[in-house]
Amino acid sequence: MTRSRLGSAELIELVDRHSAHNYHPLPVVVADAEGAWVTDVEGKRYLDLLAAYSALNFGHRHPDLIRAAKEQLDRVTLTSRAFHHDLFGPFCEELAALCGMDMVLAMNSGAEAVETAIKTARRWGYDVKGVPEGRAKIVVCDGNFHGRTITIVGFSSDPSATAGFGPFTPGFVSVPYGDIEALATALEDPDVVGFLVEPIQGEAGVIIPPDGYLPQASRLCSERNVLLIADEIQTGLGRVGTTFACEHEGVVPDVYLLGKALGGGILPVSAVVSRADVLGVFRPGEHGSTFGGNPVACAVGLEVLRLLRTGEYQQRSKDLGGWFLRRLREEAPTSVKEVRGRGLWFGIDLTPRAAPARAVCERLLELGILAKDTHEATVRLAPPLVVSRGDMEWALDRIVDALAERA
Ligand SMILES: Cc1ncc(COP(=O)(O)O)c(C=O)c1O
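Predicted model, so just to flag it, every value in this text is computed and none were measured.

A few points about unusual backbone geometry
That bond from Gly166 to Pro167 is cis: its omega, 0 degrees, falls within 30 degrees of zero. Mapping Pro167 onto the fold places it in the loop between α7 (159–162) and β6 (172–175). Phi is positive for Tyr53, close to 55 degrees, though the residue is something other than glycine. One can find Tyr53 in helix α2 (residues 51–54). Positioned with a positive phi, Val206 is a non-glycine residue whose angle comes to about 60 degrees. Following the sequence through the fold, Val206 ends up in the loop between β7 (192–197) and α9 (213–223). Residue classification places Val206 among the buried residues on the basis of a relative accessible area of 0%.

Written out as structure tokens, the structure is:
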């Protein structure tokens, strides 16, 4: 086994010197990982309560996923879409079936799935809805996070995502998240082709919209002949106690966007999943990606779908998440303003006096827990769905202690 002989401090110094400073990571250098736990280069263990923003829903190195990837590495790794390979059809069929849809457009990163959905909605708007060419609009929500391309950051309401990066792509209208009246007004415009929404806003701090918002949004979208595009890249595939967050509200969108956990924490796999009348708008040569739907992605993706069909991970998320949310609310010290959660996904808002959330995450790191702040005042937890109740009990004590130190 090759192993770095440098310590954490030296390795972080290398990153500071030679990587663009586009992230501000906590000072931990992971060398090994298994299940819900990681080990740093000095041998200290940490419970991972971020799970790579839900890309590690099945934990680090889930044995079935690793086996699927290794077996595929010994067969064929890449064909490009210039040719077929033997797992692409089965992967698309099974993913479409999981979503109750007909078709899949496979990409790699989450941002690529979002970009693909924007192209899909625009083309559908011109070809099917009959919007005059060049006029299509997509409604998005304030506080959204859908990725980092120029088009996507162009409709972000976070100044750190946009400042200094314009000019941006036109054709987007933003409305307050959870405000059904504002959405209804925006959808009155006949040029609107899609409503792109996170069923729960992740990066914004695990913001859950009011009950009934998604069903009402879904009804408005069908009345106005607008595609409801659910970005389930972070909420989907078991995170919130159901396969999709939309399911919780009894909503079936027109388009699902999936990513993160679809690649089993091994490689980037994303997809747009929809009906044939929507994804059928693409003709050869109009969209694609060299690595989209590659054999290793499909091998891992098929295994992810098999794990999801057991229902075990959704159930764990629901049971363990419900219990943890109750306990966290009961034990939250006065430094905590609000605790939100659904399934194994939590946003802990600090009072202005107790902020910044980064300091809590730094303290948690010392206590052996990986968690991540979002914005100034929210600590976000997204444990792998394989985490044990014992581990979560252990974590709860430390989280409450770290929060109490700021009370
Ligand atoms: C809801 C949502 N959409 C899209 C993305 C972008 O995914 P990626 O980082 O793989 O491009 C993210 C990433 O955090 C996300 O949370």
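Read on, since the account is not over.
Side note on the site of the ligand
The immediate surroundings of the ligand are formed by Ser109, Gly110, Ala111, Phe145, His146, Gly147, Glu198, Glu203, Asp231, Ile233, Gln234 and Lys260. Within the side chain of Asp231, a nitrogen or oxygen atom sits 2.7 Å from a nitrogen atom of the ligand. Calculation on the ligand without its partners gives an accessible area of 390 Å², and the protein chains cover 81% of this total. Of the residues in the shell around the ligand, the class split is three nonpolar, five polar and four charged.

So, the pattern of salt bridges
Counting across every chain of the model gives 21 salt bridges. The residue Glu94 makes a salt bridge to Arg309 at a minimum N-O spacing of 3.1 Å. You can see Glu94 sitting in helix α4 (residues 88–99) and its partner Arg309 sitting in helix α12 (residues 295–309), a full 215 residues away along the chain. Relative accessible area serves as the criterion here: at 27%, Glu94 is assigned to the partly exposed category. Classification of Arg309 by relative accessible area gives partly exposed; the value is 48%. Ionic pairing is found between Arg363 and Glu366, a salt bridge with its closest N-O pair at 2.6 Å. On the criterion of helical spacing, the pair formed by Arg363 and Glu366 is a turn pair, its members being three residues apart in helix α14 (residues 357–366). The class for Arg363 is partly exposed, based on a relative accessible area of 26%.

Details of the nonpolar core
Counting residues in hydrophobic clusters, the biggest one holds 74 residues, and the most contacted among them are Leu95 and Ile399. With 10 residues, α12 is the single largest residue contributor to this core. Here this core spans two domains, and each of domain 1 (8–61 + 313–404) and domain 2 (63–309) adds at least three residues to it. Excluding anything up to four places from it in sequence, Leu95 contacts Val104, Leu258, Leu262, Ala271, Val273 and Leu305. The next biggest cluster of nonpolar side chains, apart from the first, holds 29 residues, and it includes Leu105, Ile118, Trp124 and Leu279.

Some thoughts on the packing of aromatic side chains
If you walk through the whole model with that rule in mind, you get seven aromatic pairs. Their ring planes at 55 degrees and their centres at 5.4 Å tell us that Trp37 and Trp394 sit as a pair that is tilted. Of the two residues, Trp37 is situated in strand β2 (residues 37–40) and Trp394 in helix α15 (residues 389–404); the sequence distance between them amounts to 357 residues. Residue class for Trp37 comes out buried when judged on its relative accessible area of 16%.

Cut-offs and rules
Residues numbered from 1 in each chain as written. Predicted model: local features only at pLDDT ≥ 70, side-chain atom pairs only at ≥ 80, totals over all residues. Heavy atoms only, no water. Helix = DSSP H or I, 4+ residues; strand = E, 2+ residues; numbered from the N terminus. Buried < 20%, exposed > 50% of the residue type's maximum accessible area, 1.4 Å probe, protein only. Near = heavy atom within 4 Å. Polar contact = N/O pair within 3.5 Å; in protein donor to acceptor, adjacent residues only side chain to side chain. Areas by Shrake-Rupley, 256 points an atom, 1.4 Å probe, with all protein chains shown as cover. Nonpolar A, V, L, I, M, F, W, Y, C, P; charged D, E, K, R; others polar. Salt bridge = Lys/Arg side-chain N within 4 Å of Asp/Glu carboxyl O. Core = buried A, V, L, I, M, F, W, Y, C linked by side-chain atoms within 4.5 Å. Domains from an automatic or database assignment. Contact = heavy atoms within 4.5 Å. Phe/Tyr/Trp six-rings, centres within 6.5 Å; stacked < 30°, edge-to-face > 60°.

Function cannot be inferred from these measures alone, as they are strictly geometric.
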